[in-house]
Amino acid sequence: MLTELASAYSEDVGYQKLILLQLIGEIYGQHTLTGLLSSVGINPCQSNKKWQKLGYKLIWSWLEECIRNEFKADFEELLKQSDSSWSRQNITAIGDESVFRQWLCSESKENDEHYQRSFSGQFCKTVWGYKMSVWGVMMNDRFYPLVIKCLKSGETCSSVAEKCVEELADFLNEISKGYDKPEMFFSTDSGFNNALLLKKIEQKGFVPICVPKDNHCITYKDKILKIKELKIYFENKEKKYLSKNPDETAFCWRIKATYRMHQREVIFIVFRLKGSKKVSVVFCFDIHSQAKTIRRHWFARTSIEQFFRLMKTTLRIQDSTSNNYERFIKKFSMTCLKACFILQIRNRVRKKIRGMKKVTWVNIRRELAYDLGVCWLENCAKNHTFCT
């Protein structure tokens, strides 16, 4: 599997070996080429020099080609099956942005149009770094990042998102030719609740699911309410419901109302998860969709959040430094590739091994590293197969 994966990226054998070696290093928790080679007593200078010669545009194109080819194969296989298979897979298009904190010297900052200060949900404050807009599809219990763009300073989320949606839709339409592609929902958060963007998503054949902001107004039962007032209304309704059903700890209401910002009727789902104190609201443009269906596709967006968390927390992309935009993109591409590789292994283990349906990558990595041993890693790094 590793050989097939690397050969998809490069005809240069040396780069193939370095890519394979870094993927194998993740089994042992080694996130950098220097750390991996040093751990087995190999001087990393020669390998680092060769890796530095690899252009960032080239590895970016390899990343895109590999992920799209992998998705195309899985997607076409699913299209050949029945509609019930499509429904069980919970196929959902997803988009989001994330800030990757990086430090640059003052000279590099001034000449870098992509380097900017943005609010980071991870650190709960504004940080310097690069803002990445990632759009793709949740399928096979994992997220496929099919369109990735780095925002320039001053670019708005919605303007970049529109380009990403158009590119994603064109790619899906291209690989769906000759097949009867079922309806696909598109899940985004409140940051993308923009009239033009959601209209673009709908025009491209998707069904938008999004989150309204608390100060937005709707018309419900001939009354104009803000979303925060709608939440209070259903919280009071919930108290009456729970007084009659004391065993219930969660609730979900489906209503049809006019969303004044979008100037149309939509379906709102007001719900509280079991054990949660927060009342959540999502809306969908398809007025015939059921509450269960909308919630299921809405929660599919957690796959992209987990993907970002995998890159940041498990693969520690923010721990190593980047001198400029080109080196960050190169590091981001390799880390993104590692994340897809990890998810592929995790899904195979969950599918093939009994009793491992909910196993995490950390547990898989621990077992693999123990079974393979350090000697296997040393041999991979030292023998002619992986040495450059």
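Located above this text is the structure these notes cover.
Residues numbered from 1 in each chain as written. Predicted model: local features only at pLDDT ≥ 70, side-chain atom pairs only at ≥ 80, totals over all residues. Heavy atoms only, no water.

Draft legend 1. Fine view of the overall build of the chain. Scanning the chain from N- to C-terminus turns up 14 helices and 11 strands. When the 388 residues of the chain are sorted by exposure, 49% land in the buried category. (Helix = DSSP H or I, 4+ residues; strand = E, 2+ residues; numbered from the N terminus. Buried < 20%, exposed > 50% of the residue type's maximum accessible area, 1.4 Å probe, protein only.)

Draft legend 2. Summary view of the pairing of strand β4 (residues 142-150). Burial analysis of β4 places eight of its nine residues in the buried class, the great majority of the element. As paired strands, strand β3 (residues 125-139) and β4 are joined by eight bridges and run antiparallel to one another. Looking at the pairing, tryptophan 135 lines up with valine 147 of β4. Once β3 ends, the chain turns through two residues before running back antiparallel as β4, passing asparagine 140 with a positive phi of about 55 degrees. (Pairing = 2+ DSSP bridges.)

Draft legend 3. Quick look at the side chain of histidine 114. The residue histidine 114 is located in the loop between α7 (106-110) and β2 (116-120) in this model. Looking at histidine 114, the relative accessible area reads 9%, which means it is buried.

Draft legend 4. Layout of the packing of helix α5 (residues 56-79) against helix α8 (residues 157-175). The N-to-C vectors of α5 and α8 enclose an angle of 50 degrees; their axes lie 10 Å apart at closest approach. Overall, the two elements α5 and α8 adopt an arrangement that is oblique. Of the two possible hands of crossing, α5 and α8 adopt the one that is right-handed. Between α5 and α8, the residues in contact are Glu64, Arg68, Phe71, Lys72, Phe75, Glu76 and Leu79 and Glu167, Phe171, Leu172 and Ile175, respectively. Taken together, the residues that form the contact of α5 with α8 break down as six nonpolar, no polar and five charged. (Axes fitted to C-alpha atoms, helices over the stretch in contact; angles between N-to-C directions. Parallel < 35°, antiparallel > 145°, perpendicular 65-115°, else oblique. Left-handed = near helix turned anticlockwise from the far one by under 90°. Contact = heavy atoms within 4.5 Å. Nonpolar A, V, L, I, M, F, W, Y, C, P; charged D, E, K, R; others polar.)

Draft legend 5. The pairing of strand β11 (residues 280-284), seen in detail. For β11, a buried count of five out of five residues is recorded, marking the element as mostly surrounded by other parts of the structure. The alternating pattern of β11 places Ser280, Val282 and Cys284 on one face and Val281 and Phe283 on the opposite face, and all of these are buried. In this sheet, β11 lies alongside strand β6 (residues 206-210) in antiparallel orientation, the contact comprising two bridges. The residue of β11 that forms the bridge with isoleucine 209 is cysteine 284. Where strand β10 (residues 264-272) and β11 come together, five bridges link them in antiparallel fashion. By the bridge assignment for β11, isoleucine 269 is matched with valine 282.

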